[in-house]
Structures are given as C-alpha cells and as structure tokens.
Amino acid sequence: MSTITKKDLALLVSQNTGCKKNLAAKMVDSLFVAMRDSLIEGNRIEIRGFGVFQVKDTRPKPAARNPRTGEIIYVPARRKTHFKPGRLLKEALHRARDPGGTFALPLHLDDEDDDDER
C-alpha cells in the first residue's frame, strides 16, 4: 500500500484538468485549508459520493490510570474528527480489485445528484 501526498494529489488534479501544476497545487492546498478551517469552526463537511467529515465531542474521563506508573489522571473532554464514507465510496471499497490492482471509481460522482432533481 502506498501513501499519496498533497503533491501527488495536485499532480493528479493537474493531469485530469489540464491546468498547470503550480495552479493545481494552490487549488488543492486552498481546499484543505478551507476544510480545516471549517472543521475547526465545528461545521460539518458533506461531499456527495465521497463522505462526511465532522467534529464530535468526547466525554471527559473522570479517572483514567497511567499504565506505567499507576497514577490516576483526569482526561478532559475534547473534540475529535470523524469521517463517514459515502455510499459510492463504500461500494467501491467492498468491490474486488481489477487485475491491474486498482479500484474502479467513476471520475464524476454527479450521478447521485441527478436523482434529487427528478
């Protein structure tokens, strides 16, 4: 399994759209900055055909124990990110890989939105 970086994503965007690499890198970077800022504000981000990013609050743990020392510590409530994959992504992940070792995903995921207009 390989790791895809922001630079790799920008290269893919550049190849798929035909724009220059530096413009694609700025677009990808600004998308992630906007998503991060939105999540920090506590907003929910829904991307149809992909999934939902949201922030969830955790409960405080009144008495937790440090396993090394046995000392009792108190863990305050905090916020954590949560991702729930969309239907199309779930279906693609559950499908078998093609012989080339890649998953077949449609390039445009707008088909799901067409049903809403009818």
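These figures come from a predicted structure and were not determined experimentally.

For the rest of this paragraph, the subject is the layout of surface pockets. Each pocket or cavity is described by its volume, and for the second largest pocket that value is around 210 Å³. Lining the second largest pocket are 16 residues, and of these G51, V52, K84, P85 and G86 sit closest to its centre. A per-class count over the lining of the second largest pocket returns four nonpolar, five polar and seven charged.

Attention shifts here to the side chain of S38. Turning to its location among the elements, S38 is positioned in helix α2 (residues 21-40). The residues touching S38, leaving out its near neighbours within four places in the chain, are N43 and I45.

Let us now look at the pattern of salt bridges. For the coordinates displayed, the defined rule picks out four salt bridges. Note that D29 and K6 form a salt bridge whose closest N and O atoms lie 2.7 Å from each other. With a gap of 23 residues between them, D29 in helix α2 and K6 in helix α1 (residues 6-17) connect regions that are remote in the sequence. Residue D29 is classed as partly exposed on the basis of its relative accessible area of 34%. On the accessibility criterion, K6 (43% relative accessible area) is partly exposed. As a salt-bridge pair, R87 and E91 come within 3.4 Å of each other at their nearest N and O atoms. Of the two residues, R87 and E91 both sit in helix α3 (residues 87-94), four residues apart, roughly one turn of that helix. The class for R87 is partly exposed, based on a relative accessible area of 46%.

Another aspect to go through is the environment of K6. Measuring from C-alpha to C-alpha, the distance between K6 and A25 comes to 7.8 Å, with 19 residues separating the pair along the chain. For K6, the contacting residues outside a window of four places in its chain are V28, D29 and F32. Here D29 takes part through its side chain, which lies 2.7 Å from a polar atom of the side chain of K6.

Definitions and cut-offs
- Residues numbered from 1 in each chain as written.
- Predicted model: local features only at pLDDT ≥ 70, side-chain atom pairs only at ≥ 80, totals over all residues.
- Heavy atoms only, no water.
- 1 Å grid on protein atoms, 1.4 Å probe; cavity = no way out; pocket = protein on both sides within 12 Å on 5 of 7 lines; lining within 4 Å.
- Points joined across faces, edges and corners; volume = space filled by probe spheres on them.
- Nonpolar A, V, L, I, M, F, W, Y, C, P; charged D, E, K, R; others polar.
- Helix = DSSP H or I, 4+ residues; strand = E, 2+ residues; numbered from the N terminus.
- Contact = heavy atoms within 4.5 Å.
- Salt bridge = Lys/Arg side-chain N within 4 Å of Asp/Glu carboxyl O.
- Buried < 20%, exposed > 50% of the residue type's maximum accessible area, 1.4 Å probe, protein only.
- Polar contact = N/O pair within 3.5 Å; in protein donor to acceptor, adjacent residues only side chain to side chain.

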